[in-house]
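Now for the letters of each chain:
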Amino acid sequence: MVFSTLEDIEQYVHFQDRETKEQYELSDHGVIISEKTAKLLDVHVGDTVEIKDEEKGNKEVIIEHITENYMSHYMYMTKEYYEEIYGDEAEYNTILFATDDEYEPEQIEKIKESCAINIAVLDYVAEHIQAGMSTGDIDRMVYEQTTLRGAIPAPLGFEGFPKSVCTSLNNEVCHGIPDDDIILEEGDIINVDVSTIYNGYYSDSSRMFCIGEVHEEMKRLVDVAKECVEKGLAEVKPWGFLGDVGYAINEHASGYTVVPDIGGHGVGLEFHEDPYICYVTPKGTEMVMAPGMIFTIEPMVNMGCDEVFIDEDNGWTVYTEDDMPSAQWEIMVLVTEDGHEVLCW
């Protein structure tokens, strides 16, 4: 069986970019895929690719054309290729296989330059953050230290965000907006999320800071959130599942909750790229990680329930529904041929 229309194939091949999708047309007897997809799946023009559908049964499409151009989409992995990687005994899942989210070595080096600045800015914040300063002071520090190094704060003006950094305090889950009227006090916990553009390449990481003497329960939350990142990182490896990352994080957060509706993302040429990373996923699900992929690990761990809401006035700041504290650390990780490399922290 083959697909004759874009609407037909759209159920099985998920195009992330509407404009990209419209650039490529399907004939009445096949599908166009990117060169990277073809190499990863080891398929050629004229080959048949099997696609699994739980409700309608397996489908087959013919590879009509292989293009050298970038195509922002994913394709389901064939059962044969799945078994080749994971063995005949592995359970075959309907999973998405990464195709064009891998960076070339020269791009990775440029991203690392951006990451070096991002790390340096967060190091500066770590040296100077203290009780009595405002989150507005943190914003100015980040702007000055970023521009001093010839870079641009990525959040500033992004979709209307008004500041250079996100500062999320206590019950704020993420996207807190710095303000001169928000003063850090003894016992607060705060996430400072720094993102940088350098020569067109993006980096993104965040750290938690305990202000002065912090209640033991708050300190424990901060520590567990960091441990969750480390547990997730341990699952990053080529041909592993992103679902394994989320599963490890959620399992370790036992006694706390992980926010299900906000997750990690690809980053490098853009601020937010595919894939989306959820942290409440079962093992053996979600996208397969391929060498060259770069994404963030940044679970938001709540002391209370996992429900959140967005500030109606500013449209950005996310709060815990039950007003309990939340903590988050963020790193950028590169999938390598034999494991992973942390690029930004």
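Residues numbered from 1 in each chain as written. Predicted model: local features only at pLDDT ≥ 70, side-chain atom pairs only at ≥ 80, totals over all residues. Heavy atoms only, no water.

A. Looking closely at the overall build of the protein. Scanning the protein from terminus to terminus reveals eight helices and 21 strands. When burial is assessed residue by residue, the protein has 54% of its 345 residues classed as buried. The long-range share in the protein, meaning contacts at least 24 apart out of those at least 6 apart in sequence, stands at 69%. A total of about 15,600 Å² of accessible surface is found on the protein, and carbon and sulfur atoms cover 46% of it. (Helix = DSSP H or I, 4+ residues; strand = E, 2+ residues; numbered from the N terminus. Buried < 20%, exposed > 50% of the residue type's maximum accessible area, 1.4 Å probe, protein only. Contact = heavy atoms within 4.5 Å. Areas by Shrake-Rupley, 256 points an atom, 1.4 Å probe, with all protein chains shown as cover.)

B. A look at the sheet that holds strand 12 (residues 257–258). Strand order in the open sheet made by the three strands is 12-16-19, with antiparallel pairing throughout. With one partner strand each, in any of the chains shown, strand 12 and strand 19 (326–328) form the two edges of the open sheet. Sheet topology places strand 12 next to strand 16 (residues 300–302); two bridges connect them, and they run antiparallel. Considered in strand 16, the bridge of Val258 is made with Val301. This element, helix 7 (residues 216–233), spans strand 16 and strand 19 of the sheet and lies at about 35° to strand 19. (Pairing = 2+ DSSP bridges. Axes fitted to C-alpha atoms, helices over the stretch in contact; angles between N-to-C directions.)

C. The arrangement of the packing of aromatic side chains in detail. Tallied over the entire structure, the rule returns four aromatic pairs. Among the aromatic side chains, those forming a connected cluster through ring pairs are Phe158, Tyr202 and Phe271. Lys226 extends its terminal NZ or CZ atom over the ring of Trp329, reaching a point 4.7 Å from the ring centre. (Phe/Tyr/Trp six-rings, centres within 6.5 Å; stacked < 30°, edge-to-face > 60°. Lys NZ or Arg CZ within 6 Å of the ring centre and 35° of its normal.)

D. Representation of helix 6 (residues 135–148) in the model. Across its 14 residues, helix 6 extends 20 Å between first and last C-alpha, which sits within 8% of the 20 Å expected from 1.5 Å per residue. The set of residues buried in helix 6 consists of Thr135, Gly136, Ile138, Asp139, Met141, Val142, Gln145 and Thr146. Buried residues in helix 6 make contact with helix 5 (105–128), strand 7 (152–153), strand 8 (166–169) and strand 10 (189–198). N-cap assignment for helix 6: the residue whose side-chain oxygen lies 3.3 Å from the backbone N of Gly136 is Ser134. Phi turns positive, to about 80°, at Gly150, one or two residues after helix 6. (Expected span 1.5 Å × (residues − 1). Polar contact = N/O pair within 3.5 Å; in protein donor to acceptor, adjacent residues only side chain to side chain.)

E. Fine view of the packing of helix 7 against helix 8 (residues 242–252). The geometry of helix 7 relative to helix 8 is characterised by a closest axis approach of 8 Å and an angle of 150° between their N-to-C directions. With respect to helix 8, the element helix 7 is oriented roughly antiparallel. For helix 7 against helix 8, the interelement crossing comes out right-handed. Across the interface between the two elements, Val224, Glu227, Cys228, Lys231 and Gly232 from helix 7 touch Val245, Ala248, Ile249 and His252 from helix 8. Class assignment of the residues belonging to the contact of helix 7 with helix 8 gives a composition of five nonpolar, two polar and two charged. (Parallel < 35°, antiparallel > 145°, perpendicular 65-115°, else oblique. Left-handed = near helix turned anticlockwise from the far one by under 90°. Nonpolar A, V, L, I, M, F, W, Y, C, P; charged D, E, K, R; others polar.)

F. Quick peek at the layout of surface pockets. If you add up the space inside the second largest pocket, you get close to 420 Å³. Only strand 10 and strand 11 (201–210) provide two or more residues apiece to the lining of the second largest pocket. Residue composition of the lining of the second largest pocket, by class: 10 nonpolar, six polar and six charged. (1 Å grid on protein atoms, 1.4 Å probe; cavity = no way out; pocket = protein on both sides within 12 Å on 5 of 7 lines; lining within 4 Å. Points joined across faces, edges and corners; volume = space filled by probe spheres on them.)

G. Focus on a negative patch on the surface. There is a patch of like negative charges on the surface, built from Asp261, Asp306, Glu307, Glu321, Asp322 and Asp323. With respect to the helices and strands, Asp261 occurs in the loop between strand 12 and strand 13 (264–266). For Asp261, a relative accessible area of 62% gives the class exposed. (Patch = residues over 30% accessible without salt bridge, like charges linked within 9 Å, V, L, I, M, F, W, Y side chains within 5 Å. Salt bridge = Lys/Arg side-chain N within 4 Å of Asp/Glu carboxyl O. Lys, Arg positive; Asp, Glu negative; His and termini not counted. Charge placed at Lys NZ, Arg CZ, Asp CG, Glu CD.)

H. Spatial organisation of the nonpolar core. In this structure, Val236, Met289, Phe295 and Ile297 are the most contacted members of the largest nonpolar core, which totals 33 residues. Contributions of two or more residues to this core are made by helix 7, helix 8, strand 15 (294–297) and strand 20 (331–335). If you tally residues by element for this core, the top one is helix 7, at eight residues. If sequence neighbours within four positions are ignored, Val236 has contacts with Val245, Met289, Phe295, Ile297, Val333, Val335, Gly339 and His340. One finds Val121, Leu122, Val142 and Val165 within the second-largest nonpolar core, a separate group that totals 18 residues. (Core = buried A, V, L, I, M, F, W, Y, C linked by side-chain atoms within 4.5 Å.)

I. Local environment of the sheet that holds strand 9 (residues 172–174). The three strands are arranged 9-18-17 in an open sheet whose pairing can be described as antiparallel. The open sheet has two edge strands with one neighbour each: strand 9 and strand 17 (308–310). Strand-to-strand, the axes of this sheet are offset by a mean angle of 40°, without reference to chain direction.

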